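# Topology and contacts: notes
What follows is the residue order along each chain.
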Amino acid sequence: MRRLKSWTGAVFAAVYALAFIALYVDYARRSGTWFADLPLSLAALPFTLVMRTLNGGSFDFGGSMTGRVIAAGLFGSALAYLAGLIIETVMRAIARLALHSRA
């Protein structure tokens, strides 16, 4: 379980979550205008693509769909955490190799 803890991943997930919340607030402010949820939909693109694949090609996403917005935010944060975990693991391995090659 220790291998799944990552400060880099936590920071990436927090930054993504904050950005997603900011985009949702922006959507709520501009709700009812043309393309109001476009930035939010772009931020939720990984979630939308996965759900389209799982649903067989059809999945609708918009800022007014609260459950899907929450799910997209959580999915994106988890994806950002995994990216940070992978980056941190690779950097630790490189540092470990560099330190052992000196000894």
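Residues numbered from 1 in each chain as written. Predicted model: local features only at pLDDT ≥ 70, side-chain atom pairs only at ≥ 80, totals over all residues. Heavy atoms only, no water.

### Description of unusual backbone geometry
A positive phi angle, close to 55°, is found at Phe35, a residue other than glycine. As for its placement among the helices and strands, Phe35 is situated in the loop between helix H1 (7-30) and helix H2 (38-43). (Helix = DSSP H or I, 4+ residues; strand = E, 2+ residues; numbered from the N terminus.)

### Structural notes on the confidence of the model for the chain
On average, residues of the chain score 93 in pLDDT, and 97% of them reach the 70 mark or higher. Confidence, read as mean pLDDT per element, is least for helix H3 (residues 45-55) in the chain (93) and greatest for H1 (97). (pLDDT = per-residue confidence, 0-100.)

### Things to note about the pattern of salt bridges
Opposite charge on two side chains makes pairing possible when the charged atoms of those side chains draw close. Summed over the entire model, instances satisfying the criterion amount to three salt bridges. Among the ionic pairs, Asp26 bridges to Arg29, the shortest N-O distance being 2.8 Å. Within this pair, Asp26 and its partner Arg29 are both found in helix H1, separated by three residues, close to a single helical turn. A relative accessible area of 18% means that Asp26 is categorised as buried. Under the relative-accessibility criterion, Arg29 is labelled exposed at 66%. Here Arg92 and Glu88 are joined by a salt bridge, their closest N and O atoms 3.0 Å apart. With a gap of four residues between them, Arg92 and Glu88 both fall in helix H4 (residues 66-102), about one helical turn apart. (Salt bridge = Lys/Arg side-chain N within 4 Å of Asp/Glu carboxyl O. Buried < 20%, exposed > 50% of the residue type's maximum accessible area, 1.4 Å probe, protein only.)

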